[in-house]
Amino acid sequence: MSEATELQAEALHLQRSARVVGNPRILVIDDEAAIRESLDTLLNLEGFTVSSAIDGPSGLDMLARNEYDLLLLDLALPGESGIDLLPRIVEMQPNLPVIMITAFGTVGNVVDAIRAGAENFVQKPWDNEKLLADIRTAIARHRVEAEVVQLTRPLKQQSPIEDIVDPHDTPIRPFTQ
């Protein structure tokens, strides 16, 4: 791995570590300006930090450069569909919760999205309170998982017990009468 790549990976790791606290960051990938603006307004009023992308390639670019707590992904994007993008999104950020949003909420689409890695599926037009509840639940789960990783990482880096206990030490015998 080159030094630049290592520095980039370390910067992303630090950014991920910082994501456990602070305002949740949400990325919206949707080709409809009215949907992006509506979600931006709703989510900003609720205290979320929102970024938007108009299509898959710009959304993937934003995911490569930034860490998010949640992704709202449109199913019907120009070029590649949201379901087609999901495997690359999961590869880039495996723990990122993805909620699919679409006007085409067929059972087949829901099954395909969940199989591809989406956590939830919301049909347009959505109910704001239900969408916010789904978002909060997904972010809370994501943050707990990230915190567990942060707390267990130092334990995994510690020396194994064999390095601490002297194998030549005489075992202690229990006191018997």
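Everything that follows concerns the structure shown earlier in this document.
A brief structural summary. (Residues numbered from 1 in each chain as written. Predicted model: local features only at pLDDT ≥ 70, side-chain atom pairs only at ≥ 80, totals over all residues. Heavy atoms only, no water.)

Points about helix 2 (residues 33–45)
- The end-to-end C-alpha distance of helix 2 is 18 Å, a good match for the 18 Å that 13 residues give at a rise of 1.5 Å each.
- Backbone geometry just after helix 2 places G47 at a positive phi near 90°. (Helix = DSSP H or I, 4+ residues; strand = E, 2+ residues; numbered from the N terminus. Expected span 1.5 Å × (residues − 1).)

With respect to the packing of aromatic side chains
- A complete count under the given rule lists 0 aromatic pairs for this structure.
- Of note, R25 hangs over the ring of Y68, and the distance from its end group to the ring centre comes to 4.9 Å. (Phe/Tyr/Trp six-rings, centres within 6.5 Å; stacked < 30°, edge-to-face > 60°. Lys NZ or Arg CZ within 6 Å of the ring centre and 35° of its normal.)

Thoughts on the sheet that holds strand 3 (residues 70–74)
- Spatial ordering of the open sheet is given by 2-1-3-4-5, a layout of 5 strands whose pairing is parallel. Looking at the sheet topology across the chains shown, the edges are occupied by strand 2 (49–53) and strand 5 (120–123). Across this sheet, the average inter-strand angle for adjacent strands is 20°, counted without regard to direction.
- Note that strand 4 (residues 98–102) and strand 5 share 4 bridges and pair parallel. Paired with I101 across the bridge in strand 5 is V122.
- Strand contacts of helix 2: strand 1 (25–29), strand 2, strand 3 and strand 4, with the helix running at about 170° to strand 2, the strand carrying the most contacts. (Pairing = 2+ DSSP bridges. Axes fitted to C-alpha atoms, helices over the stretch in contact; angles between N-to-C directions. Contact = heavy atoms within 4.5 Å.)

A word on the pattern of salt bridges
- Tallying each qualifying case throughout the model produces 10 salt bridges.
- Overlapping salt bridges, with partners in common, bring together D30, E32, D74 and K124 in one network. (Salt bridge = Lys/Arg side-chain N within 4 Å of Asp/Glu carboxyl O.)

Details of helix 4 (residues 82–92)
- Looking only at helix 4, the buried set comprises G82, I83, L85, L86 and I89. Taken around the axis of helix 4, the buried residues stretch over an arc of 135°, which confines them to a single face.
- Along its buried surface, helix 4 packs onto helix 3 (56–65), strand 3, strand 4 and helix 5 (107–116). (Buried < 20%, exposed > 50% of the residue type's maximum accessible area, 1.4 Å probe, protein only. Arc of directions from axis to C-beta.)

Some remarks on the side chain of R36
- Within the secondary structure, R36 is located in helix 2.
- D30 provides the closest opposite charge to the buried, unpaired R36, separated from it by 5.4 Å.
- In contact with R36, other than residues within four places in its own chain, are V28, D30, D31, S52, A53 and I54. (Lys, Arg positive; Asp, Glu negative; His and termini not counted.)

A short note on the pairing of strand 1
- Taken across its 5 residues, strand 1 has 5 buried, putting it largely inside the fold.
- Alternating residues of strand 1 divide into R25, L27 and I29 and I26 and V28, and every residue in both groups is buried.
- Pairing of strand 1 with strand 2, which is carried by 5 bridges, proceeds in the parallel orientation. Its bridge partner being in strand 2, I26 is matched across the sheet by V50.
- Assessed by its sense of winding, the connection that carries the chain from strand 1 through helix 2 to strand 2 is right-handed.
- Two elements, strand 1 and strand 3, share 4 bridges in a ladder whose sense is parallel. Paired with I29 across the two strands is L73, which belongs to strand 3. (Right-handed = clockwise from strand over helix to strand, strands pointing away.)

Nothing here speaks to function; it is geometry throughout.
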